[in-house]
Each structure stands twice: as C-alpha cells, then as structure tokens.
Amino acid sequence: MRFGCCINMVASELDGIGTEHLSELEHMGYDYVEMPLAEMMRLDGPNFLELKRRVDRLTIGCEVCNNFFPKHMRLTGQEVRMDLVLSYAERALTRAKDLGATCVVFGSGSAKNVPKGTSLEKGYQQIVDLLNQIASLAANRDIIICIEPLRKQECNLINTFEEGGRLADELRHPNIKVLADYFHMMAEAEPMSHLSGPGGRYLAHVHFSSSERKFPGYQDEEAYHEFFNELNRIGYDGRISCEAYSGDFKAEAPVTLEFLKHMDARAKGGDSSV
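The model shown is predicted, which means the values in this text are computed figures rather than measured ones.

**A closer look at the pairing of strand 4 (residues 103-106)**
Thought 1: Across the two faces of strand 4 the burial is the same, with Cys-103 and Val-105 and Val-104 and Phe-106 all buried.
Thought 2: Direction of pairing for strand 3 (residues 61-66) relative to strand 4: parallel, over a ladder of two bridges. Across the sheet, residue Cys-65 finds its bridge partner in strand 4, namely Val-104.
Thought 3: Handedness of the crossover joining strand 3 and strand 4 through helix 4 (residues 82-99): right-handed.
Thought 4: Taken together, the four bridges between strand 4 and strand 5 (residues 144-147) define a ladder with parallel strand orientation. Pairing of Cys-103 across the sheet is with Ile-144, part of strand 5.

Put into structure tokens, the structure is as follows:
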C-alpha cells in the first residue's frame, strides 16, 4: 500500500490547508499528501500557483484531494444552483489536476445534507444527477471521484460503505468509485465484512484513524485487524490516508506511519513485530 495523510485535519494556519506540515510529511517518509480542495479554492490565482510550486518542490506529491465542495454550497434541497455547482466542480477539478491529484474525495457532508422540506429520496436523486454530470469532468482530467460515506452526525445521506457501493453500482461510471473510512464505519457500527461485499469492487481509496478520530499509533482496537484483513481479502493495495486530529503531530504522525505499515504487513502474512 501507499500511505498518506490528510493535512487539513492538523492545520493550524488560518487558511485551513495545512501546508505548514508538507515538509514534515516528506521527512517522515509518507508516500503522498492529501489536501483539502474547498480550502484551496479560496486561494486567488497567484497564491494557488505559489502553493503548487511548493508542492512541486517536494519528493512526495498531492495524489488525493478531500473536501470537494465547500460547506455553504447546496447540493440537495430547493436552493441548488446546478450551474454554479458545475462551474465550481470544473474549476476545482482543474486545480486538483494541476496539483497532480488523481483522486478527489466526495464527502462534503454539509453541502449534501438533505434539508427540511426535501425528501431523502429527492436528495439522493439530486446526488445521482450531480455525479452523473461531474463524472465526465473527472474523466477528462484522469481523476477518480470517490464517494465518501459519512456517519449520520455529519450527513443524513449515504452513511455506510454498503450504501456508497450501491450508489457507485447504480452509476456504473469508471471514474466514480467509493472510499472506505474506518472511523465512519465504526460510528455506524457497520460490519467490516461489507468491505468484501458487492461494494468492494468499487473501493478506490481508504481513510483511517482511531474510532475517536485520533492518530492510531500503537493503541489497539480489535476492529483494526478486521479492517485490514478485509482489505487484504479483496486484494486492495492502493492508498490509505490517515485522517485524524492530533495533539502532537510531529510525535504521532511518524509512529502512525510505522503502525499502518505493520498492520498492512500483518494482514498479508508478513512480519507482525512492531
């Protein structure tokens, strides 16, 4: 597997991007960085170009972007402006491409949360329609859109990996896949066996943290082993990003990288020492 980190989760600067941790991740030995698209879309042209130059100087790249749509942009309900949504998506995917990303995570819980006055069925169909339209935009840029199921506390639509898999199966587009997130699966008490169910063939990216959304380090949770064993069972050998909060990033991030490598090797039957 390849191991990365979502730096927006540990950002301390006002822009919320987390660029202050780019060099640290490189020196720790991570394979790539995952960066927040909505936050980067707030940058004007010159500042985005400066960010791109900074990323280009690294030996690791921005292979994935999360936070596709900003919180204020309505994707469901009566106030959707599809013209503005598609215009934003095109510009955002272009920026992701410019940074070198080949995967964009579509969680965007606040944006896709179905508001009062709109049925969940209607909201779901709006997301289907949206993904059908942005799929071609992604394909033109060689980008995979990964549907991210979110726990009910964050969104009332597409809460489990199983539901995300059904949505991808309904769309049947090569550039629309699904993400598995350990934290959200635990929050929804979703069986890890769903990873090797029908939706598993659409799995294209993974987020990982402890069930408390912290850097896992070597603290043990029984479901960690189930999660990695299921990934191994379906032959997943792609990217896995640590998406977690941290009280001491410099200390916790390198330990977590070792831990993730250990869990991957253990699942594959390799050295289980830590």
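**What to know about the pairing of strand 7 (residues 203-208)**
Thought 1: Among the six residues of strand 7, five are classified as buried, and the element is accordingly described as predominantly covered.
Thought 2: Sheet topology places strand 7 next to strand 8 (residues 239-242); three bridges connect them, and they run parallel. Looking at the pairing, His-207 lines up with Ser-241 of strand 8.

**A closer look at the packing of aromatic side chains**
Thought 1: According to the stated counting rule, one finds 13 aromatic pairs in the structure shown.
Thought 2: Ring centres of Phe-215 and Phe-249 lie 5.9 Å apart, and the angle between their planes is 80°; on these two criteria the pair is classed as edge-to-face. Of this pair, Phe-215 sits in the loop between strand 7 and helix 9 (222-233) while Phe-249 sits in helix 10 (residues 249-267), placing them 34 residues apart in sequence.
Thought 3: Site record: aromatic cluster; members linked through ring pairs are Tyr-182, Phe-208, Tyr-224, Phe-227, Phe-228 and Phe-259.
Thought 4: Residue placement shows Arg-239 over the ring face of Tyr-32; its charged tip is 6.0 Å from the ring centre.

**Re the pattern of salt bridges**
Thought 1: Applying the stated criterion across every chain yields a total of 19 salt bridges.
Thought 2: Of the charged contacts in the structure, one is a salt bridge between Arg-53 and Glu-50, with a shortest N-O distance of 3.3 Å. Here Arg-53 pairs with Glu-50, and both are found in helix 3 (residues 45-56), just three residues apart, close to one helical turn.
Thought 3: Among the salt bridges present, the one from Arg-213 reaches Glu-154, with a minimum N-O distance of 3.0 Å. Residue Arg-213 is found in the loop between strand 7 and helix 9, and its partner Glu-154 is found in the loop between strand 5 and helix 7 (161-171); the two are separated by 59 residues along the sequence.
Thought 4: Looking at Glu-154, the relative accessible area reads 26%, which means it is partly exposed.
Thought 5: One network of salt bridges, with partners in common, ties together Arg-2, Glu-63 and Arg-239.

About the criteria used
- Residues numbered from 1 in each chain as written.
- Predicted model: local features only at pLDDT ≥ 70, side-chain atom pairs only at ≥ 80, totals over all residues.
- Heavy atoms only, no water.
- Buried < 20%, exposed > 50% of the residue type's maximum accessible area, 1.4 Å probe, protein only.
- Helix = DSSP H or I, 4+ residues; strand = E, 2+ residues; numbered from the N terminus.
- Pairing = 2+ DSSP bridges.
- Right-handed = clockwise from strand over helix to strand, strands pointing away.
- Phe/Tyr/Trp six-rings, centres within 6.5 Å; stacked < 30°, edge-to-face > 60°.
- Lys NZ or Arg CZ within 6 Å of the ring centre and 35° of its normal.
- Salt bridge = Lys/Arg side-chain N within 4 Å of Asp/Glu carboxyl O.

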